[in-house]
Amino acid sequence: MTQTSVTTHTQTHSTGTLSTDAGAPAALSKDTLFEILKNQRRRDALLYLKTNDGVATLSDMAEFIAAKENGIDIGALSSSQRKRVYIGLYQCHLPKMAGAGIVDFDKNRGDIALRPAAEQLDVYLADDVTAGADTATSATRNLAIAGGLGAAVVASLLGVPGFTLVPDAAWALLSTGALVTLTALEARR
């Protein structure tokens, strides 16, 4: 005979007590939502879990976030960079997220798994995902514009027919205008 158990998670918060059973997560309070989302490292942890089918190990997550925070590849991380993120996740961020019912965190094994309540954060995390895509798109666009303009100026200087019809002063104005425009677009973000 198989015995089935239902786990219940109860959280006491300044706005009251939330209780959920495993099948139906209760709505997170605004205080809880904003408390979890106000920290970039917690948002990165959630995004990492979402891109890894909702499960991860603490060491893998710490490496990913440390690399992101330092703007380098995982292979280039120093042990102190890894350790700083690992300790922050272990001592602060993951316990806070587990207390809110957003993740399951096994401190002894370092295993992390998303809980159904995490879906309530998706609407806010979508902005982080699209912001990353927009940054990549704008960088590609800027590089393409700068490269194309640079190639046109070089073609003019080398005397390529058609490009020599544009005076040097016009190329200078066009280049400066493009630089100012690209800078303004990036500053507006």
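This text goes with the structure placed above it.
Presented here is a report on the structure given in the accompanying data block. (Residues numbered from 1 in each chain as written. Predicted model: local features only at pLDDT ≥ 70, side-chain atom pairs only at ≥ 80, totals over all residues. Heavy atoms only, no water.)

## With respect to the pairing of strand β4 (residues 103-106)
Okay, step 1: Of the two faces of β4, only one is covered, namely that formed by V103 and F105; the face formed by D104 and D106 stays uncovered.
Okay, step 2: Alignment of β4 against strand β5 (residues 111-114), held across 4 bridges, turns out to be antiparallel. Directly across from F105, in β5, lies its bridge partner I112.
Okay, step 3: A loop of 4 residues connects β4 with β5, the two strands running antiparallel in sequence, and G110 in this loop sits at a positive phi of about 80 degrees. (Buried < 20%, exposed > 50% of the residue type's maximum accessible area, 1.4 Å probe, protein only. Helix = DSSP H or I, 4+ residues; strand = E, 2+ residues; numbered from the N terminus. Pairing = 2+ DSSP bridges.)

## Brief notes about the environment of L89
Okay, step 1: Note that L89 resides in helix α4 (residues 79-99).
Okay, step 2: Exposure remark for L89: the relative accessible area of 0% places this residue in the buried category.
Okay, step 3: Distance in space between the C-alpha atoms of L89 and A62 is 7.3 Å, their sequence separation being 27 residues.
Okay, step 4: Leaving out residues up to four positions away in the same chain, L89 has contacts with R41, A45, L58, M61, A62, I65, L94 and P95. (Contact = heavy atoms within 4.5 Å.)

## Examining the sheet that holds β5
Okay, step 1: Strand order across the open sheet formed by 3 strands is β3-β5-β4, with antiparallel pairing between neighbours. Two strands bound the open sheet, and with one partner strand each, they are β3 (55-57) and β4. Across the sheet, the axes of successive neighbouring strands diverge by a mean angle of 15 degrees, strand direction being ignored.
Okay, step 2: The sheet contacts of helix α2 (residues 40-51) involve β3, β4 and β5, and relative to β5 the element is tilted by about 80 degrees.
Okay, step 3: Lying on the sheet, helix α3 (residues 58-70) is in contact with β3, β4 and β5; it crosses β3 at an angle near 85 degrees. (Axes fitted to C-alpha atoms, helices over the stretch in contact; angles between N-to-C directions.)

## Regarding the pattern of salt bridges
Okay, step 1: Scanning the model with the defined rule gives 9 salt bridges in all.
Okay, step 2: The closest approach of N and O atoms between R41 and E69, which form a salt bridge, is 2.8 Å. Placement of the pair is R41 in helix α2 and E69 in helix α3, with a sequence separation of 28 residues.
Okay, step 3: For E69, a relative accessible area of 35% gives the class partly exposed.
Okay, step 4: Of the charged contacts, one joins R84 and E69 as a salt bridge, the two residues approaching to 3.4 Å between their closest N and O atoms. (Salt bridge = Lys/Arg side-chain N within 4 Å of Asp/Glu carboxyl O.)

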